[in-house]
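# Understanding the architecture of this molecule
Residue-level listing of the chains:
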Amino acid sequence: MTNHYFENKLVKMHYYQFGNGPKAMLCFHGYGMHGKQFRQLEERFGANYTFYGFDLFFHKETKLLDESVANVKQGITKKELTQLFLDFCKSKSIDKFSILAYSMGSFYACTLAEEVAEKINEFIVAAPASLKPGRIITFFSKNTIGNKLLEHLALSNNGMTNLLATLKRVKVIDAKAHEILYREIATPELRFSFFACATYLRFLKLDIQKFTEELNQHNVKSIFIFGKRDHSYPAKIGDNIISKITNAQQLEIDENHDMINQNFAQTLATLLNDH
C-alpha cells in the first residue's frame, strides 16, 4: 500500500493505492473511516484490481483548499464532484473503472453513476445510505433551520454533547448508541467534520430516475449489499429502486452496519465470480 495526493482547485485529496491488477477500483469509505477501509480486499482481489482508496472530504489527510465555514456552506455540486474524479482518473490514465462504496461513500458512488455511468464497469455499494438518508440527516443538511441549528450545535463547545445527553435521558437513544455517537463528536475537530460533511454534501441527493436510467442504459453490473442486522440502512430501503435496475443483484449478509470484513470479501468474491 502506498500513499499519494491529488490536488485540483477544490481539494488536496489523499488516497491509498493497493493491489496491482489491470482493472481500476475507486473506493469510497464510510463516515469516520478512511481510505484504508477496504484494504483487506487486496489479498483476494489484488491480482485483478488496483484499488484507489480515498480519504473523503473532512476525513483524515484530505483537505479542502478553503475549509472556512462560508465555503463549506457553499457545498459541492454533482458536476464538481464528478469532475474531480474524472481529473483524477485522467492523471492515472484510467479510462473505465469500477466503484466500491460503503454507507456515506454511497453518495459519491451514486453521483458518479448518475453523471458518468458509461465509464463504470461494476457498481458496488454496501449499506447504501444514499438510497434513503433518513429524516434526521436530511433535516440537518437540507433544511435551512436544521442546518443552522447543526452549525450552532457543532461549532459550540457543549451543544452536541448536551443534545446527546438529553436524547439519552429521554430514551430516544440507548447507552450504546450514545457511546457510539459521542465518539464521533468528542472533539471540536470531529464536530466540525460532522457539520461539514452534512452541509458540504447536501447537493448529492439521489435522483432515482436518472440513477436507474443511466445504469440501465449502460448495462452496468450493480451490486447492493445489506446487513441483516443493520437497523440504520436495512434492505427494504432499496426495494423501490433496485428492482428498476436491469443488471442488479441484491444480497443480505449476516452482519450489522459495520460489515466491511472477511465475510464481506467472501460475499463479494462470489458475486464477482472470483473462483
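My aim in this report is to walk through the structure given alongside it, one point at a time. On a predicted model such as this, the values are computed, not experimentally measured, just so you know.

This paragraph deals with the overall build of the protein. Of regular secondary structure, the protein possesses 12 helices and nine strands. If one aligns the C-alpha atoms of the protein with their principal axes, the spans along those axes are about 50 × 40 × 35 Å. The proportion of buried residues among the 275 residues of the protein is 50%. Considering only residue pairs separated by 6 or more positions, the protein has 75% of its internal contacts joining residues 24 or more positions apart. Carbon and sulfur atoms make up 50% of the accessible area of the protein, which amounts to about 13,400 Å² in all. In the protein, 33 positive and 29 negative side-chain charges are present, and the distance between their average locations comes to 4 Å.

On to the layout of surface pockets. When its volume is computed, the largest pocket comes out at roughly 2,000 Å³. Listed by contribution, the elements that provide at least two residues to the lining of the largest pocket are helix H5 (135-142), helix H6 (144-155), helix H7 (159-169), helix H8 (175-184) and helix H9 (188-200). Ranked by residue count, the leading element in the lining of the largest pocket is H5, at seven residues. Along the lines of polarity and charge, the residues of the lining of the largest pocket split into 29 nonpolar, 10 polar and nine charged. Looking at the second largest pocket, its volume works out to about 300 Å³. Phe 58, His 59, Lys 60, Leu 190 and Ser 193 are, among the 15 residues lining the second largest pocket, the residues nearest its centre. It is H9 that provides the largest number of residues to the lining of the second largest pocket, a total of four residues. Looking at the lining of the second largest pocket, its residues break down into five nonpolar, five polar and five charged.

Glancing now at H7. Residues lying three or four places apart along an α-helix face the same way, a consequence of the helix completing one turn every 3.6 residues. Inspection of H7 places Gly 159, Met 160, Thr 161 and Leu 164 among the buried residues, and these make up the whole buried set. Downstream of H7 by a residue or two, Lys 171 has a phi angle that is positive, lying close to 65°.

Definitions and cut-offs
Throughout, residues of each chain are indexed from 1 in the direction in which the sequence is written. Local features in this predicted model are restricted to residues whose pLDDT is 70 or higher, and side-chain atom pairs enter the listing and the counts only when it is 80 or higher, whereas totals over whole chains, interfaces and linings include all residues. Note: side-chain values were computed over all heavy atoms of the structure, leaving out hydrogens and water. Numbering goes from the N terminus for both helices and strands, where a helix is a DSSP run of H or I of at least four residues and a strand is a run of E of at least two. Under the scheme applied here, a residue whose accessible area is under 20% of the maximum for its type counts as buried, over 50% as exposed, and between as partly exposed, the area being computed with a 1.4 Å probe on protein chains only. By definition, residues are in contact when any of their heavy atoms lie within 4.5 Å. Calculation of accessible area relied on Shrake-Rupley with a 1.4 Å probe; when residues are assessed, cover is drawn exclusively from the protein chains displayed. Charged residues are defined here as Lys and Arg on the positive side and Asp and Glu on the negative side; His and the ends of the chain fall outside this count. For charged residues, the charge sits on one atom: NZ in Lys, CZ in Arg, CG in Asp, CD in Glu. Buriedness for pockets is judged along seven lines, at least five of which must meet protein on both sides within 12 Å for an open set on the 1 Å grid over protein atoms alone, while cavities are sets there where a 1.4 Å probe fits but cannot get out, and lining residues have an atom within 4 Å of a point. Grid points are joined across faces, edges and corners, and a volume is the space filled by probe spheres set on the points. Each residue gets one label: Ala, Val, Leu, Ile, Met, Phe, Trp, Tyr, Cys and Pro are nonpolar, Asp, Glu, Lys and Arg are charged, and the others, such as Gly, are polar.

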